[in-house]
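# Topology and contacts: notes
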Amino acid sequence: MSYELLTVGTVPGYVAARPSLAGFGEVTRVREVGDGNLNLVFVVETTGGGLVLKQALPYVRVDPTWPMTPERNGIEGRALRVHNTVAAGLVPALHDTDAERHVIAIEDLSDHQVWRGALNEGLRHDGVAHDLGRYVAKVGFGTSVFGLGAKAHKAAVAASANPELCEITEDLVFTEPYITHEHNRILPGNVADVAAYAGDPAVRAAIGAAKLAFMTHAEALIHGDLHTGSVLVRDEPHSTRAFDVEFACYGPVGFDLGALWGNYVLAAARAVALGDSGHAAWVLAQAGETWQGFADEFAALWPERADPRVIDLDRYLAKVYGDAVAFGAAKAARRVIGFSSVSDIASLPEDLRVRAIRAVLAAARSLLVEEVRLGEPKPLFDRVGEVLAEVGGR
Ligand code: SR1
Ligand code: MG
């Protein structure tokens, strides 16, 4: 390995040696808390407050035989800097970037909770879904041709390539669930469900179109992995932060909205499997909240667009909406077929998991092919709720 990995023991010396972190004073406590698929994460307490160090491993944390470029850490640092510019207060502050050790230092948000965990517990954080819609809009406007103008947008696209991590998304979200692949983990009770979903010609056509849109529509510097495990929430005082932007790339704005919607479907499928229809309904209503936050914020920014000629706001929003529906289906389905499940589903006992997975696939199919996908979030996610209850209910 060409760079040294941090340990709980070496973090104090590392912090002391970083000029940008001098203001934090002396380290008093270090914990390694990384529980994602890829990185080391240290929560560091100091005499001057807390900070978090995130270091990229040169492989996948949950599968060390799978090499993964550590350059993703620098990409994350650059994207986080941009997102702090256009969406301050909705992402963690960035304190330091270290291109040699592949480390970023960011704001300590230990007084927040990962949203996925809160949703799994049946907790309702009102306002978070709306905040996230605003975040997607601020990024979608501020880093696109609308906020930057044509020339600066082209320069930003050129400077923000993230080919290795985009390839993971192309493979894990849009390809592997639809072919026979060693990454796929399918319970015996779901073999027929997966075959029916992934073999449906209408599903395959919609997923193929979504994959091509993800690969070619360089609209804005999207988050790229905006699932509910990439969101931190706090009640008092209310705070919402999107984190973990290592998958950031120039892509379609609807991808981030779809990631949220797909993860609402997963959270709702869990609630339905557990017999909590009230929580499922609340979770699915968050899809409309996210859309409203997005559409209102985008419309508020619209008068500031670099080129006010020709392009129509309503048409653009309708395009983003259609994209988001398809991406939402893809993001939900990948978590119940392919590599990298989510705790919403994985922590259920096997009999409930089989039913929840069947329900998620039925909901994904509905999002991809049913007529209702062309309408508004409310009827669309009401329909998703019906499908989840019919297929996954007790
Ligand atoms: C090999 S990385 C697997 C997944 O983890 C991340 O959270 C992304 O969703 C990626 O697809
Ligand atoms: Mg992540």
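## So, the packing of helix α14 (residues 350-369) against helix α15 (residues 377-392)
- The N-to-C vectors of α14 and α15 enclose an angle of 145°; their axes lie 8 Å apart at closest approach. Helix-helix and strand crossings are classified by hand; for α14 and α15 the assignment is right-handed. In contact with R355, R358, A359, V360, A362, A363, S366 and L367 of α14, α15 contributes L380, F381, R383, V384, V387, L388, V391 and G392.
- Broken down by class, the residue content of the contact of α14 with α15 amounts to 11 nonpolar, two polar and three charged.

## Structural notes on the packing of aromatic side chains
- This model, assessed by the stated rule, comprises 21 aromatic pairs.
- Both rings, one in Y178 and one in Y197, keep their centres 5.7 Å apart while their planes meet at 45°; by these two values the pair is tilted. With a gap of 19 residues between them, Y178 in the loop between α7 (163-172) and α8 (191-199) and Y197 in helix α8 connect regions that are remote in the sequence. Note on accessibility: Y178 and Y197 belong to one class, buried.
- Aromatic side chains W291 and F294 sit 5.3 Å apart centroid to centroid with 40° between the ring planes, which places their arrangement in the tilted category. Note that W291 and F294 are positioned in helix α11 (residues 277-301) at a spacing of three residues, about one turn of the helix.

## Describing the sheet that holds strand β2 (residues 39-46)
- The five strands are arranged β1-β2-β3-β7-β6 in an open sheet whose pairing can be described as antiparallel. Each having just a single partner strand, β1 (27-32) and β6 (94-98) make up the two edges of the open sheet. Put simply, the sheet's adjacent strands are angled 20° from each other on average, direction ignored.
- Two elements, β2 and strand β3 (residues 49-56), share eight bridges in a ladder whose sense is antiparallel. Residue pairing for β3: V44 is matched across the bridge by L51.
- The strands that helix α2 (residues 72-86) touches are β2, β3, β6 and β7 (103-107); relative to β6, the one it contacts most, it runs at about 150°.

## Description of the side chain of D131
- Structurally, D131 is set in helix α4 (residues 128-142).
- Aside from chain neighbours lying at most four places away, what touches D131 is L90, H238 and T240.

## Section: unusual backbone geometry
- Residue E236 is joined to P237 through a cis peptide bond whose omega torsion reads -10°.
- When you line up the elements, P237 lands in the loop between β10 (231-234) and β11 (239-242).
- Non-glycine residue D244 carries a positive phi angle of around 65°.
- Take D244: it is sitting in the loop between β11 and β12 (249-251).
- Unlike most non-glycine residues, V310 shows phi in positive territory, near 70°.

## Topic: the domain arrangement of the chain
- What the domain assignment reports for the chain is domain 1 (11-107) and domain 2 (113-392).
- Distance from the C-alpha centre of domain 1 to the C-alpha centre of domain 2: 26 Å.
- Facing the 23 residues of domain 1 at the interface are 28 residues of domain 2.
- For the pair domain 1 and domain 2, the summed buried area comes to about 2100 Å², and 68% of that belongs to carbon and sulfur atoms.

## Description of the nonpolar core
- Counting 107 residues, the largest nonpolar core has W115, Y135, Y197, F294 and F298 as its most contacted members.
- Tallying contributions element by element places helix α12 (residues 313-337) first for this core, with 15 residues.
- Not counting the four nearest positions on each side in its chain, F298 is found in contact with A137, G140, F141, F146, L313, Y316 and L317.
- L21, V27, F42 and V103 belong to the second-largest nonpolar core, a separate cluster that totals 16 residues.

## Some remarks on the site of ligand 1
- Around ligand 1, the neighbouring residues are N37, L38, W66, I168, L172, D225, H227, F247, R334, R335, F339 and S340.
- Taking N37, its side chain carries an N or O atom lying 2.7 Å from an oxygen atom of ligand 1.
- The side chain of D225 places a nitrogen or oxygen atom 2.8 Å from an oxygen atom of ligand 1.
- Here ligand 1 loses 94% of its free accessible area of 320 Å² to cover by the protein chains.
- Secondary structure elements with two or more residues in the shell around ligand 1: α7 and α12.
- By residue class, the composition of the shell around ligand 1 is six nonpolar, three polar and three charged.
- Two domains each donate at least three residues to the shell around ligand 1, and these are domain 1 (11-107) and domain 2 (113-392).

## Quick word on the pattern of salt bridges
- Applying the stated criterion to the full structure yields 23 salt bridges.
- Shared partners join several salt bridges into a network, and the residues in it are K54, R72, E76, D244 and E246.

## Some points on the environment of G224
- Structurally, the position occupied by G224 is in the loop between β9 (220-222) and β10.
- With a relative accessible area of 2%, G224 lands in the buried category.
- Taking the C-alpha atoms as reference, G224 lies 24 Å from D314; in sequence the two are 90 residues apart.
- Setting aside anything within four residues of it in sequence, one finds G224 in contact with T169, F247, F255, D256 and K331.

Thresholds applied
- Residues numbered from 1 in each chain as written.
- Chains lettered and ligands numbered in written order.
- Predicted model: local features only at pLDDT ≥ 70, side-chain atom pairs only at ≥ 80, totals over all residues.
- Heavy atoms only, no water.
- Axes fitted to C-alpha atoms, helices over the stretch in contact; angles between N-to-C directions.
- Helix = DSSP H or I, 4+ residues; strand = E, 2+ residues; numbered from the N terminus.
- Left-handed = near helix turned anticlockwise from the far one by under 90°.
- Contact = heavy atoms within 4.5 Å.
- Nonpolar A, V, L, I, M, F, W, Y, C, P; charged D, E, K, R; others polar.
- Phe/Tyr/Trp six-rings, centres within 6.5 Å; stacked < 30°, edge-to-face > 60°.
- Buried < 20%, exposed > 50% of the residue type's maximum accessible area, 1.4 Å probe, protein only.
- Pairing = 2+ DSSP bridges.
- Domains from an automatic or database assignment.
- Buried area = accessible area lost by both parts, 1.4 Å probe.
- Core = buried A, V, L, I, M, F, W, Y, C linked by side-chain atoms within 4.5 Å.
- Near = heavy atom within 4 Å.
- Polar contact = N/O pair within 3.5 Å; in protein donor to acceptor, adjacent residues only side chain to side chain.
- Areas by Shrake-Rupley, 256 points an atom, 1.4 Å probe, with all protein chains shown as cover.
- Salt bridge = Lys/Arg side-chain N within 4 Å of Asp/Glu carboxyl O.

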